[in-house]
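Listed below, chain by chain, are the residues.
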Amino acid sequence: MRISEALYRGADSQGQPFALRAGSAVQASSADPVVRINDLAAEIRLKDGPATLRALNGRYDMKAERVAVDGPIEFRTADGYAMDTSDATVDLKSRTMTSAGDVTGRMPIGTFRADRLRADLEARTVTLDGRARLRIVQNRAR
C-alpha cells in the first residue's frame, strides 16, 4: 500500500502522545507492521515541552513503535537541546534513541560530539561512545 502524506499517532508507556508525519509511506502488506517512510517528521511531548525529530527516510514498526532511520536525523527540543546524528533507532514508547553514526549536539551549557550515542530523551541523559568531546561554556549553567 502506498500513501501520500501519512499521519501515525500513538502514546508512549506513560500515556504521552506522539505523532509521525510522512511525505509518503509504503507498507508491503497489512500483515507487515513495518512502514517505509520518506520525509519523516515526528513530534513527541516531553515533560519540559515538545520535541521534534526529522529525517529523510525511515522505517516505522507500528507493532514495536520504533523508528529506524538510515542516514541523517535531527532531534530538537523547545528549550534549546539539539542532536544531529545518523543511522539511529528511536523507541517512541521508552523515549530512547541509539545511533550507529557520528553525533553532534548542543545544550544550554555547551556542545558535544562522539562516534555514537545512547540517549534517554525524557530524562535528557546522553551516553557518548567513541572519541567523545564535550565543551562547556563557563557561566552558562547559571
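Basis of the calculations
- Residues numbered from 1 in each chain as written.
- Predicted model: local features only at pLDDT ≥ 70, side-chain atom pairs only at ≥ 80, totals over all residues.
- Heavy atoms only, no water.
- Helix = DSSP H or I, 4+ residues; strand = E, 2+ residues; numbered from the N terminus.
- Buried < 20%, exposed > 50% of the residue type's maximum accessible area, 1.4 Å probe, protein only.
- Contact = heavy atoms within 4.5 Å.
- Areas by Shrake-Rupley, 256 points an atom, 1.4 Å probe, with all protein chains shown as cover.
- Pairing = 2+ DSSP bridges.
- Salt bridge = Lys/Arg side-chain N within 4 Å of Asp/Glu carboxyl O.
- 1 Å grid on protein atoms, 1.4 Å probe; cavity = no way out; pocket = protein on both sides within 12 Å on 5 of 7 lines; lining within 4 Å.
- Points joined across faces, edges and corners; volume = space filled by probe spheres on them.
- Nonpolar A, V, L, I, M, F, W, Y, C, P; charged D, E, K, R; others polar.
- Polar contact = N/O pair within 3.5 Å; in protein donor to acceptor, adjacent residues only side chain to side chain.

A. Quick peek at the overall build of the protein chain. Per the secondary structure count, the protein chain includes zero helices and 12 strands. Secondary structure elements of the protein chain, listed N to C terminal, follow the sequence β-β-β-β-β-β-β-β-β-β-β-β. Looking at the 142 residues of the protein chain, the share that counts as buried comes to 36%. Taking contacts inside the protein chain between residues at least 6 apart in sequence as the whole, the part at least 24 apart equals 34%. Total accessible area on the protein chain stands at roughly 8,300 Å², and carbon and sulfur atoms take up 47% of it.

B. Fine view of the pairing of strand E5 (residues 66-77). Relative to E5, strand E4 (residues 49-61) runs antiparallel, the two sharing nine bridges. Counterpart to Gly-58 in the pairing with E5 is Val-69. Bridging between E5 and strand E6 (residues 82-91) involves nine bridges; their strand directions are antiparallel. What sits directly across from Glu-74, in E6, is Asp-84. With antiparallel pairing between neighbouring strands as the criterion, E5 and E6 make up a hairpin whose turn holds four residues, including Gly-80 at a positive phi of roughly 100 degrees.

C. View of the pattern of salt bridges. Tallied over the full model, the rule gives seven salt bridges. Note that Arg-124 and Asp-48 form a salt bridge whose closest N and O atoms lie 3.7 Å from each other. Taken together, the positions of Arg-124 in the loop between strand E10 (116-120) and strand E11 (125-129) and Asp-48 in the loop between strand E3 (34-46) and E4 put the pair 76 residues apart, joining distant regions of the chain. Of the residues examined, Arg-124 reaches a relative accessible area of 23% and is grouped as partly exposed. For Asp-70, the salt bridge is made with Arg-59, and the minimal N-O distance between the two is 2.5 Å.

D. Expanded view of the layout of surface pockets. In this structure, the largest pocket encloses a volume near 250 Å³. Along its surface, the largest pocket is lined by 16 residues, and Tyr-81, Met-107, Phe-112, Arg-124 and Val-126 are the ones closest to its centre. The set of elements that each furnish at least two residues to the lining of the largest pocket consists of E5, E6, strand E8 (103-107), E10 and E11. Here the lining of the largest pocket is composed, by residue class, of 11 nonpolar, two polar and three charged.

E. Focus on the side chain of Thr-77. For Thr-77, the location among the structural elements is in strand E5. By relative accessible area, Thr-77 is classed as buried at 10%. Here the side chain of Thr-77 touches Asp-79 through a polar contact of 2.8 Å, side chain to side chain. In this structure, Thr-77 is in contact with Leu-46, Pro-50, Ala-51 and Arg-124, ignoring residues within four places of it in sequence.

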